[in-house]
Amino acid sequence: MTTWLIAAEGEGFVSPGPSTFVYPPIFGEGTFFTKPMLITVLGAAAVAVFFLLAARRATVVPGKLQYAGESAYGFVRNSIALDAIGKEGMKYVPYLATVFFFLAALNISGILPGLQFPATSRIALPAFLAIITCVIFNAIGIKRRGLFGYFKELMFPPGIPWPVYILLAPIEFVSTIIIRPLTLTLRLTFNMFAGHLVLVLFILGGEFLVFEKGGLVGIAAGSVALLGSIVLTFFEGFVQLLQAYVFTLLSALYIGGALADEH
Amino acid sequence: MPPDAEDDASKAFGRKGEADAYGALGLVVSGVLVWGGIGYLVSEWLDNRLFVMLGLLLGMGAGLYLVWFRYGRQQ
């Protein structure tokens, strides 16, 4: 609030906007490798190394690292795959675990000192994962019931007089094939986008008030903003893990829906 | 971990509730998009803005009907 007022006076504070999410190439002009890409690679590598180390030399009585790895994997297996899909969900645990930990790593990079940018706030990453999920659950449905049977069940639920199908069939089709991956993408992207924007605003705004604006009011208001940014950082960490969980859970529920036999 | 049957059932119900909530939202949004879009195209074609409105209302109604049909009926 205070930062907005000061910024509105035009004292030289540039409030963060969509341009905050555009990074120049790390290695200078002409190259293509940017910070979000670096975070993506680091996140994937961190997850891979963690699970490889945890799974290496697995023993019956697990060591600390093996225990951490097994708990993490078990969380996805028990509270996402088995809960949302059922026994058949075991087959999809590897995919769901990969999605969850990849997203969690990329989301949480938004509050890691030094990185402090959630790579998932760039829409390409969530969109790509949502498309994979969309392909998987549609492929399962088509494999189970055949191309014709799948779309018949999807678009023509029994118990409706036939003229109404003209009205309803396109809605069912769009809601499953287009809206599902779209909402998966947008929910994750803009949670990360908004969270990062709020953090940047509080930190840069607070810094501007304390060090540039100065004065009793500036330092007091800036301190409140900076203290608030610490609280918000923890809150953002919570949102980041939650959104990785929600994305994975919905993927699992869609897969479960394609596996289930409708009555 | 000994499975607690009642706890499992309520958990599964909660998951299903979450999926249903997003599913219902998706149906209403799709209804408005599909029939609002068709209404828009028709109104461009016939040069009459009324069809956008009709399409939106029709889509919203159809979407809400689908929500009731999928999730709201007494099983």
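In case you missed it, the structure is sitting above this.
What counts and how
- Residues numbered from 1 in each chain as written.
- Chains lettered and ligands numbered in written order.
- Predicted model: local features only at pLDDT ≥ 70, side-chain atom pairs only at ≥ 80, totals over all residues.
- Helix = DSSP H or I, 4+ residues; strand = E, 2+ residues; numbered from the N terminus.
- Buried ≥ 20, exposed ≤ 12 C-beta atoms within 10 Å, placed from the backbone.
- Contact = placed C-beta atoms within 7 Å.
- Core = buried A, V, L, I, M, F, W, Y, C linked by C-beta atoms within 7 Å.
- Axes fitted to C-alpha atoms, helices over the stretch in contact; angles between N-to-C directions.
- Left-handed = near helix turned anticlockwise from the far one by under 90°.
- Parallel < 35°, antiparallel > 145°, perpendicular 65-115°, else oblique.
- Nonpolar A, V, L, I, M, F, W, Y, C, P; charged D, E, K, R; others polar.

**Student:** Looking at this model, I keep getting lost on the overall build of chain B. Mind explaining?
**Tutor:** Of regular secondary structure, chain B possesses 2 helices and 0 strands. Counting the 75 residues in chain B, one finds 23% classified as buried. Partitioning the contacts of chain B with sequence separation of at least 6, the portion at a separation of at least 24 is 55%.

**Student:** Before we go on, may I ask you to explain the overall build of chain A in this structure?
**Tutor:** When helices and strands are tallied, chain A shows 7 helices and 0 strands. Traced from its N-terminal end to its C-terminal end, chain A shows the element sequence α-α-α-α-α-α-α. Considered along the principal axes of its C-alpha atoms, chain A spans approximately 70 × 60 × 40 Å. For chain A, buried positions account for 35% of its 263 residues.

**Student:** Would you take a moment to explain the interface of chain B and chain A for this structure?
**Tutor:** When the parts of a complex come together, some accessible area is lost, and that lost area is often used as the size of the interface. Facing the 15 residues of chain B at the interface are 14 residues of chain A. Going through the elements one at a time, α1 (5-46) and α2 (50-72) of chain B are the ones with two or more residues in the side of chain B that touches chain A. Take the side of chain B that touches chain A: its biggest share by element is 12 residues, from α1(B).

**Student:** I'm lost on the nonpolar core in this one. Help?
**Tutor:** For soluble globular proteins, nonpolar side chains are generally found buried alongside one another. Counting 38 residues, the largest nonpolar core has A:Ala81, A:Leu96, A:Phe100, A:Leu103, A:Ala252 and A:Ile255 as the members making the most contacts within it. Sorting elements by how many residues they give to this core places helix α4 (residues 93-108) of chain A first, with 10 residues. If we ignore the near neighbours within four places in the chain, the residues touching A:Ala81 are A:Val76, A:Gly89, A:Met90, A:Tyr92, A:Val93, A:Leu96 and A:Ala252. Of all hydrophobic cores here, the second largest spans 11 residues; its members include A:Val174, B:Val32, B:Trp35 and B:Leu66.

**Student:** Explanation requested: unusual backbone geometry in the structure shown.
**Tutor:** Note: most residues except glycine have negative phi, and most peptide bonds are trans. The backbone of A:Gln116 shows a phi angle near 45°, a positive value even though the residue is not glycine. Within the fold, A:Gln116 resides in the loop between α4 and α5 (124-155). Positive phi outside glycine occurs at B:Asp47, with the angle close to 60°. By the secondary structure assignment, B:Asp47 is in the loop between α1 and α2.

**Student:** Quick question: what am I supposed to make of the packing of helix α3 (residues 64-84) of chain A against helix α7 (residues 215-259) of chain A here?
**Tutor:** Helix-helix packing is described using two parameters, namely the angle between the two axes and the distance between the axes. All names here are of chain A. For the pair α3 and α7, the least separation of the axes is 8 Å and the interaxial angle reads 35°. Note that α3 runs across α7; the crossing there is right-handed. Each of Val 76, Ile 80, Ala 81 and Ala 84 in α3 lies in contact with α7, whose residues at this interface are Thr 248, Leu 249, Ala 252, Leu 253 and Gly 256.

**Student:** Would you take a moment to explain the packing of α4(A) against α7(A) for this structure?
**Tutor:** All names here are of chain A. For the pair α4 and α7, interaxial distance at closest approach is 9 Å and the crossing angle is 155°. One element, α4, and the other, α7, form an angle in the roughly antiparallel class. α4 and α7 meet at a crossing whose hand is right-handed. Contact residues: Leu 96, Val 99, Phe 100, Leu 103, Ala 104, Asn 107 and Ile 108 in α4; Gly 237, Gln 240, Leu 241, Gln 243, Ala 244, Tyr 245, Phe 247, Thr 248, Ser 251 and Ala 252 in α7. Taken together, the residues that form the contact of α4 with α7 break down as 11 nonpolar, 6 polar and no charged.

**Student:** Before we go on, may I ask you to explain the environment of A:Val60 in this structure?
**Tutor:** Residue and element names in this part refer to chain A. Mapped onto the secondary structure, Val 60 falls in the loop between α2 (35-55) and α3. A tally of 4 C-beta atoms within 10 Å means that Val 60 is categorised as exposed. Distance in space between the C-alpha atoms of Val 60 and Leu 106 is 32 Å, their sequence separation being 46 residues.

The values reported here are purely geometric and, on their own, carry no functional implication.
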